[in-house]
Amino acid sequence: MIYILSFLGIIIENSLPLSGAVFIVTLPFFTYLVNLKRVRSVTCIFLMAFIMSLQTHDFVEHFVMMAGFYYLFNFIFMNMVYNRENIIFISFLQLGVYFILNYKTYTNFYLILNLIGFLIINYFYVRYMRKKNIRGQQ
C-alpha cells in the first residue's frame, strides 16, 4: 500500500503546474527504498526516474542521477540507520540532492518548502517502518 500511495504522490507532485520543482514525496521515498536494500527497490527507482521524466525529455539524465544518488545513500546507510534520530540529517542530505537536481532553477521558497516536506514525509516513512517492523540494513 505504501508503494501505491508513494507512486501516486510522485505522479501528483510531478504533474503540478508550479514554477519550481517539488520532490516532497520523491526523495523521501527514494531514501526509504535505498534503506530497504531489496531487488524491487531498484525497479521502483527506475520507475521513479521514468515518472519524473514524463514531462521532460531527459530520462537518461534523471536515471543516471538517481543511480549515483542510490550509491551515495547506500554508502551513507552502511554507517547510519534510517530512524527518527537521523531524520534531520537525512532531510538535509535530501535537500542537497534537491539542490543538485535543480541547481539552475531553484528558489529559496521551494528550497524551504521541500525541506519542510522532507521532514514530514521522512517521519511518516520511519513511523511506517517501525509499525510494520521493517528492517533495512542495520
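Located above this text is the structure these notes cover.
In this text, all values refer to a predicted model and were calculated from it rather than measured experimentally. (Residues numbered from 1 in each chain as written. Predicted model: local features only at pLDDT ≥ 70, side-chain atom pairs only at ≥ 80, totals over all residues. Heavy atoms only, no water.)

Once that is clear, we can look at helix α3 (residues 39-52). Counted at 1.5 Å a residue, the expected span for α3 with its 14 residues is 20 Å, and the 21 Å between its end C-alpha atoms agrees. Of the positions making up α3, those classed as buried are S41, C44, I45, M48, A49, I51 and M52. Buried residues along α3 cover an arc of 160° about the axis, so they all sit on one side. Exposed and facing more than 90 degrees away from the buried side of α3 are V39 and T43. Along its buried surface, α3 packs onto α1 (2-15), α2 (26-36) and α4 (59-76). (Helix = DSSP H or I, 4+ residues; strand = E, 2+ residues; numbered from the N terminus. Expected span 1.5 Å × (residues − 1). Buried < 20%, exposed > 50% of the residue type's maximum accessible area, 1.4 Å probe, protein only. Arc of directions from axis to C-beta. Contact = heavy atoms within 4.5 Å.)

This brings us to the packing of α2 against helix α5 (residues 87-101). When two helices pack together, their arrangement is given by the angle between their axes and by how far apart the axes lie. The interhelical angle for the contact between α2 and α5, taken along N-to-C directions, is 120°, at an axis separation of 10 Å. By the criterion of interaxial angle, the relationship of α2 to α5 is oblique. Note on packing geometry: the crossing formed by α2 with α5 is right-handed. Facing L27, P28 and T31 of α2, the residues of α5 in contact are I90, Q94, V97 and Y98. A breakdown of the residues in the contact of α2 with α5 according to their chemical character gives 5 nonpolar, 2 polar and no charged. (Axes fitted to C-alpha atoms, helices over the stretch in contact; angles between N-to-C directions. Parallel < 35°, antiparallel > 145°, perpendicular 65-115°, else oblique. Left-handed = near helix turned anticlockwise from the far one by under 90°. Nonpolar A, V, L, I, M, F, W, Y, C, P; charged D, E, K, R; others polar.)

What follows deals with the side chain of S91. Counting through the fold element by element, S91 comes out in helix α5. Sequence-distant contacts of S91, defined by excluding residues within four places in its chain, comprise L115, F118, L119 and N122.

As a packed pair, α5 and helix α6 (residues 108-132) sit with axes 9 Å apart at the nearest point and diverge in direction by 135°. The pairing of α5 with α6 is recorded here as oblique in orientation. As α5 runs across α6, the sense of the crossing is right-handed. Between α5 and α6, the contacting residues are I87, I88, I90, S91, F92, Q94, L95 and Y98 on the first element and Y110, L111, N114, L115, F118, L119, N122, Y123 and V126 on the second.

Our focus in this paragraph is the environment of L119. Checked against the element boundaries, L119 lands in helix α6. A residue is classified by how much of its surface remains accessible, and L119, at 31% relative accessible area, is partly exposed. For L119 and V39, which are 80 residues apart along the polypeptide, the C-alpha to C-alpha distance reads 26 Å. In contact with L119, other than residues within four places in its own chain, are I87, I88 and S91.

This part covers the nonpolar core. Counting residues in hydrophobic clusters, the biggest one holds 44 residues, and the most contacted among them are F29, F30, Y32, L33, M48, Y82 and Y125. Only α1, α2, α3, α4, α5 and α6 provide two or more residues apiece to this core. Other than its neighbours up to four places away in sequence, M48 contacts F7, I10, T26, F29, F30, L33 and M66. (Core = buried A, V, L, I, M, F, W, Y, C linked by side-chain atoms within 4.5 Å.)

Here the focus is α5. The end-to-end C-alpha distance of α5 is 21 Å, a good match for the 21 Å that 15 residues give at a rise of 1.5 Å each. What α5 keeps buried is the set I87, I90, S91, Q94, L95, V97, Y98 and L101. For α5, the angular spread of the buried residues around the axis is 160°, confining them to a single face. Contacts made by the buried residues of α5 are with α2, α4 and α6.

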